[in-house]
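# Remarks on the overall topology
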Amino acid sequence: MIKKLLAATALLLLAITQPAWASQAVDVAGSTGLSFTGIFRGVIGMLVLIGIALLFSTNRKAVNWKVVGIGLSIQLVLAVSILNVPFIQSFFEFVSRGFVQILNFTQAGTSFLFKSFGSGVIESPMLNFAVIILPTIIFFSALTSLLFYYGIIQKVVYVLAWLMTKLMGLSGAESLSVAGNIFLGQTESPLLIKAYLDKMNRSEMLLVMSGGMATLAGGVLAVYIKILGGGDPVQEVMYAKHLLAASIMAAPGVVVISKILLPQTQEIDNTVQVSKARIGKNVLDAVSNGTTEGLKLAINVGAMLLVFISFIAMANYFFLKLGYYTGLNETIAGITNGEYTELNLQFLLGYLFSPLMWLIGVATEDIELVGRVLGEKLILTEFIGYISLGELKEAGAFANQKSIYIATYVLCGFANFASIGIQIGGIGAIAPSQRITLTQLGVRALLAGTLASLLSATIVGMILG
């Protein structure tokens with residue numbers, strides 16, 4: 001079966017890259033475009049990721065390889081289309097510019113709140129994360145609630161869910177949840193299917209949880225555009241395109257991984273029916289509710305970052321002392337040519353995940369850096385990971401621009417240990433009868449979300465060369 005999958009994947013990639021437009025390589029520094037070596041390395045990386053999922057599968061004999069093949073095919077087609085097909089590239093860039101324009105709208109409200117009465121502008125000391133980034137979450141939360149109230153999000157989700165149900169044989173409810181996660185958060189998307197949650201089997205519940213782990217909500221997506229773009233509108237549009245692609249590609253990818261980890265063996269209901277529940281009784285109520293929820297999220301994010309960054313500092317203090325008394329600090333400085341001068345969490349995480357980063361296509365010189373941000377995402381949150389990625393990017397730490405793009409896909413999603421608790425609390429409140437199942441599947445959902453993001457990153461790395 002593995003040989004067949006290897007052959008099918010290689011043939012598919014070669015087939016969809018034969019047209020003339022495929023030769024138009026993405027303009028990425030250090031990228032060689034499609035090559036046999038890149039394809040071979042990418043296919044091996046994909047097989048390793050699928051092999052990890054198989055290793056933790058509850059029923060290997062029940063895995064539906066047709067679903068796996070279709071899911072991988074969709075990811076490949078999406079990646080090649082977004083990165084190489086001109087008119088699809090143009091569409092994603094159009095949507096990305098829309099995101100950036102909305103960020104500019106947010107800036108108007110931010111300036112009003114924080115500008116100086118004397119100069120009429122935000123003073124330089126105030127140009128910080130709390131002032132520039134957190135208000136974005138509040139505005140996008142309100143905007144999402146408004147779109148949800150008018151049923152716009154539901155209509156888009158319905159179309160995507162219908163396609164996933166037809167192509168991949170999913171139940172209507174789980175496909176709605178996965179599609180919804182492209183736009184909504186991991187505890188908001190299940191609201192689309194709250195009438196079905198109590199009746200879902202374990203395989204369906206795992207996909208609902210995994211979908212939340214593998215994708216990003218619109219509000220935080222906007223924040224990461226701002227972090228990676230660094231205030232440059234051109235850079236913001238470029239990273240917006242990659243972040244949108246990462247979240248969309250993760251949807252079929254997480255289906256592949258989830259259905260390997262816990263195959264569907266029971267009868268399912270293919271009916272696709274979106275909940276008609278609205279956020280708010282009228283437009284103003286919807287915006288008000290969204291604003292309140294956004295404020296709560298922004299405060300939570302700010303507090304979470306404060307605590308986790310402080311914990312990193314505390315952990316690194318103890319690692320520093322350990323390295324000093326054991327002589328490891330000098331050894332590390334020597335083997336890393338001064339890149340690291342002491343034992344710390346970043347060093348440990350970077351080298352722990354380095355082999356996997358090479359497999360998914362990261363440039364050899366950058367595998368430690370991407371491994372480090374992946375480790376920070378898993379142990380801490382994707383917020384920490386993206387902030388580190390933005391800082392490393394601004395510092396010129398990466399040898400290859402392609403590595404930054406791949407890292408953008410690696411970090412996509414809420415797959416971290418804190419999210420297990422968030423899902424148990426959030427989904428458990430909607431469907432109390434599933435609380436035990438949620439606790440049992442939490443770590444497996446974390447694994448599925450992580451592997452799905454890595455699968456997307458591998459495919460993108462293979463195309464970039």
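Residues numbered from 1 in each chain as written. Predicted model: local features only at pLDDT ≥ 70, side-chain atom pairs only at ≥ 80, totals over all residues. Heavy atoms only, no water.

Going by this rule: UniProt positions are given in the numbering used here, feature names are shortened, and annotations may be inferred rather than shown by experiment.
Under an unreviewed UniProt entry, the protein has the name Concentrative nucleoside transporter, CNT family and belongs to Saccharicrinis carchari. Under the Subcellular location (unreviewed entry) heading, UniProt states for the protein: "Cell membrane".

## Focus on the UniProt feature "transmembrane region" (unreviewed entry) in the protein
Short version of the rule: Only DSSP runs of H or I with at least four residues qualify as helices, and only runs of E with at least two residues qualify as strands; both kinds are numbered from the N terminus onward.
Residues given the UniProt feature "transmembrane region" (unreviewed entry) here are residues 38-56, 68-88, 126-150, 205-227, 239-262, 297-319, 404-431 and 443-464. Annotated as 95% helix and 0% strand, the span residues 38-56 places its first and last C-alpha atoms 28 Å apart. Secondary structure across residues 443-464 divides into 100% helix and 0% strand, with the first and last C-alpha atoms of the span separated by 32 Å.

## Let's talk about the environment of Ala217
As a reminder, the rule being used: The criterion used for residue contact is that any of the two residues' heavy atoms lie within 4.5 Å.
Residue placement: Ala217 occurs in the loop between α9 (202-214) and α10 (218-229). Remark: the alpha-carbon pair of Ala217 and Phe183, spanning 34 residues in sequence, is separated by 5.1 Å. The residues touching Ala217, leaving out its near neighbours within four places in the chain, are Phe183, Leu184, Gly185 and Phe414.

## A look at the environment of Val48
Stated formally: Each residue's exposure class comes from its accessible area (1.4 Å probe, protein chains only) as a fraction of the maximum for that residue type: buried when under 20%, exposed when over 50%, partly exposed otherwise.
As for its position among the elements, Val48 is in helix α2 (residues 36-55). Taking the relative accessible area as the measure of exposure, Val48 reaches 30% and is therefore partly exposed. Remark: the alpha-carbon pair of Val48 and Leu359, spanning 311 residues in sequence, is separated by 8.2 Å.

## What to know about a nonpolar patch on the surface
To keep things clear, this is the line we draw: The patches reported here contain residues having more than 30% relative accessible area and no salt bridge. Joining distances are 9 Å for like charges and 5 Å for nonpolar side chains (Val, Leu, Ile, Met, Phe, Trp, Tyr). Computed by Shrake-Rupley with a 1.4 Å probe, the accessible areas treat only the displayed protein chains as cover when residues are assessed. Salt bridge criterion: a side-chain nitrogen from Lys or Arg within 4 Å of a carboxyl oxygen from Asp or Glu.
A cluster of nonpolar side chains, Tyr150, Ile152, Val156, Tyr158, Val159, Leu160, Trp162, Leu163 and Leu167, forms an exposed patch at the surface whose accessible area comes to about 790 Å². Looking at the element boundaries, Leu160 is found in helix α7 (residues 152-168).

## Side note on the pattern of salt bridges
Under the criterion given, the structure shown has six salt bridges. Of the charged contacts, one joins Glu93 and Lys241 as a salt bridge, the two residues approaching to 3.7 Å between their closest N and O atoms. With Glu93 in helix α4 (residues 86-114) and Lys241 in helix α11 (residues 233-261), the pair connects residues that are 148 residues apart, well separated along the chain. Taking the relative accessible area as the measure of exposure, Glu93 reaches 27% and is therefore partly exposed. Residue classification places Lys241 among the buried residues on the basis of a relative accessible area of 9%. Of the charged contacts in the structure, one is a salt bridge between Lys226 and Glu236, with a shortest N-O distance of 3.6 Å. In this pair, Lys226 is assigned in helix α10 and Glu236 in helix α11, connecting sequence segments 10 residues apart. Taken individually, Lys226 and Glu236 each receive the classification buried, so the pair is uniform in this respect.

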